[in-house]
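# Architecture and fold: a report
In case you want the letters, here they are:
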Amino acid sequence: MGIFKDYAAIFQFGYVTDDLESAVARFGELGIERFRISPVGAAANGHSPFGARIAMAWAGELMIEIIEPLRDKTAPVYVDDLPPAESRRCVFNHVGLAVPDHETWNALEKELERRKLPIVWRGSNPARFDVSYVDTRPLLGHYCEFIRICPVLVEQFANVPKNDTVKSWLS
């Protein structure tokens, strides 16, 4: 059984930064110019103890997510990769993997446990999504973020700006 084959599909590359505008500008220089920027969690006056500003963009079929965590309220999975304050750097953090439904999500959790892959951070809003960050750094050099997709999240992702200037290597 392969986790990427049997449970989830890669759809996102995630980065962390200390300066969201600078990171978005750097991606713009590469042709990914249209992002949606949103506050989440504590940054949006939400109930989460963690908060961030997040920029998302589609580059072809790949979503780029750039996360600028609140320094005093940073989710643990971003601490190791977060660049020094005022460095204006953007650092690769995770591969996002979409899990299609509850049944597959439950099977994935059992498989992660069987493989002894540690889940280092979880989040859940049952009507919208479940998320687990798995520490695959010893195997791959980065985290894997598994996210259970539901219709509300599909709608939100559909509203993320598309950057059609990105070419497919197949075309």
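These remarks concern the structure in this document. All of these numbers come straight from a predicted model, not from anything done at the bench. (Residues numbered from 1 in each chain as written. Predicted model: local features only at pLDDT ≥ 70, side-chain atom pairs only at ≥ 80, totals over all residues. Heavy atoms only, no water.)

### Things to note about helix α4 (residues 102-114)
For clarity, the cut-off: A helix here means a DSSP run of H or I that spans at least four residues, while a strand means a run of E at least two residues long, and both kinds are numbered starting from the N terminus. Here a helix's expected span is defined as the number of its residues, less one, multiplied by 1.5 Å. Between buried and exposed lies partly exposed: a residue is buried under 20% and exposed over 50% of the maximum accessible area for its type, with that area taken using a 1.4 Å probe on protein chains only. By definition, the arc is the one covered by directions from the helix axis to the C-beta atoms. Only heavy atoms matter for contacts: two residues are in contact if any of them lie within 4.5 Å across the pair. In protein, a polar contact requires one atom able to donate a hydrogen and another able to accept it; more generally it is a pair of N or O atoms within 3.5 Å, and residues adjacent in sequence count only if both atoms are side-chain atoms.
Along its 13 residues, α4 runs 18 Å from first to last C-alpha, staying within 8% of the 18 Å computed at 1.5 Å per residue. Within the span of α4, buried status applies to Thr104, Trp105, Leu108, Glu111 and Leu112. Buried residues in α4, looked at end-on, bunch into an arc of 125 degrees, giving them a common side. For α4, the exposed residues lying more than 90 degrees away from the buried face are Glu103, Lys110, Glu113 and Arg114. The inward-facing, buried residues of α4 contact α1 (3-6), β5 (90-99), β6 (119-125), β7 (129-134) and β8 (143-148). Where α4 begins, the capping side chain belongs to Asp101, and its oxygen is found 3.3 Å from the backbone nitrogen of Glu103. After α4 finishes, the residue Lys116 shows a positive phi value of roughly 60 degrees.

### What about the pattern of salt bridges?
Heads up, the condition is: What makes a salt bridge here is a side-chain nitrogen of Lys or Arg within 4 Å of a carboxyl oxygen of Asp or Glu, nothing more.
Under the defined criterion, the tally for this structure stands at nine salt bridges. In this structure, Arg122 engages Glu109 in a salt bridge whose closest nitrogen and oxygen atoms are separated by 2.7 Å. With Arg122 in strand β6 and Glu109 in helix α4, this pair connects stretches of sequence that are 13 residues apart. You can call Glu109 partly exposed: its relative accessible area is 24%. For Arg148, the salt bridge identified is with Asp130, shortest N-O distance 2.7 Å. With Arg148 in strand β8 and Asp130 in strand β7, this residue pair connects regions lying 18 residues apart in the sequence. There is no split in this pair, since Arg148 and Asp130 are both buried. Among the charged side chains, a salt-bridge network with shared partners connects Glu21, Arg53 and Glu68.

### Details of the side chain of Asp135
Here Asp135 shows up in the loop between β7 and α5 (137-140). A distance of 2.8 Å separates a polar atom in the side chain of Asp135 from a polar atom in the side chain of Arg137. Once you skip the residues sitting within four places of it in the chain, Asp135 turns out to touch Pro118, Val120 and Tyr143.

### Section: the nonpolar core
As a rule of thumb, soluble globular proteins bury nonpolar side chains together. What counts is decided by this rule: In this description, a nonpolar core means a group of buried Ala, Val, Leu, Ile, Met, Phe, Trp, Tyr and Cys residues linked to one another through side-chain atoms lying within 4.5 Å.
Membership of the largest hydrophobic core comes to 23 residues, with the highest contact counts inside it found for Phe11, Met63, Ile67, Tyr78, Tyr133 and Phe157. When contributions to this core are tallied by element, the ones reaching two or more residues are β1 (9-17), β3 (51-59), β4 (62-69), α3 (76-79), β5, β7, β8 and α6 (151-158). Dropping the residues within four chain positions of it, Ile67 is found in contact with Tyr15, Val16, Thr17, Ala52, Arg53, Ile54, Tyr78, His94 and Tyr133. In this structure, Ala8, Trp105, Val134 and Phe146 belong to the second largest nonpolar core, which totals 13 residues.

### So, the packing of aromatic side chains
Keep this limit in mind: Ring pairs shown here join Phe, Tyr and Trp side chains whose ring centres sit within 6.5 Å, with only the six-membered ring taken for Trp; geometry is labelled stacked below 30 degrees between planes, edge-to-face above 60, and tilted in between.
Enumeration according to the criterion identifies eight aromatic pairs in this entry. Between Phe27 and Phe35, the aromatic rings sit 6.1 Å apart at their centres with planes inclined by 65 degrees, giving edge-to-face as the arrangement. Accessibility classification places Phe27 together with Phe35 in one group, the buried group. Measuring from ring centre to ring centre gives 6.3 Å for Tyr133 and Tyr143, while their planes differ by 80 degrees; the resulting arrangement is edge-to-face. Of this pair, Tyr133 sits in strand β7 while Tyr143 sits in strand β8, placing them ten residues apart in sequence. This pair shows no difference in class: Tyr133 is buried, exactly as Tyr143 is. Three or more aromatic residues joined by ring pairs make a cluster, and in this case those are Phe13, Tyr15, Phe27, Phe35 and Phe92.

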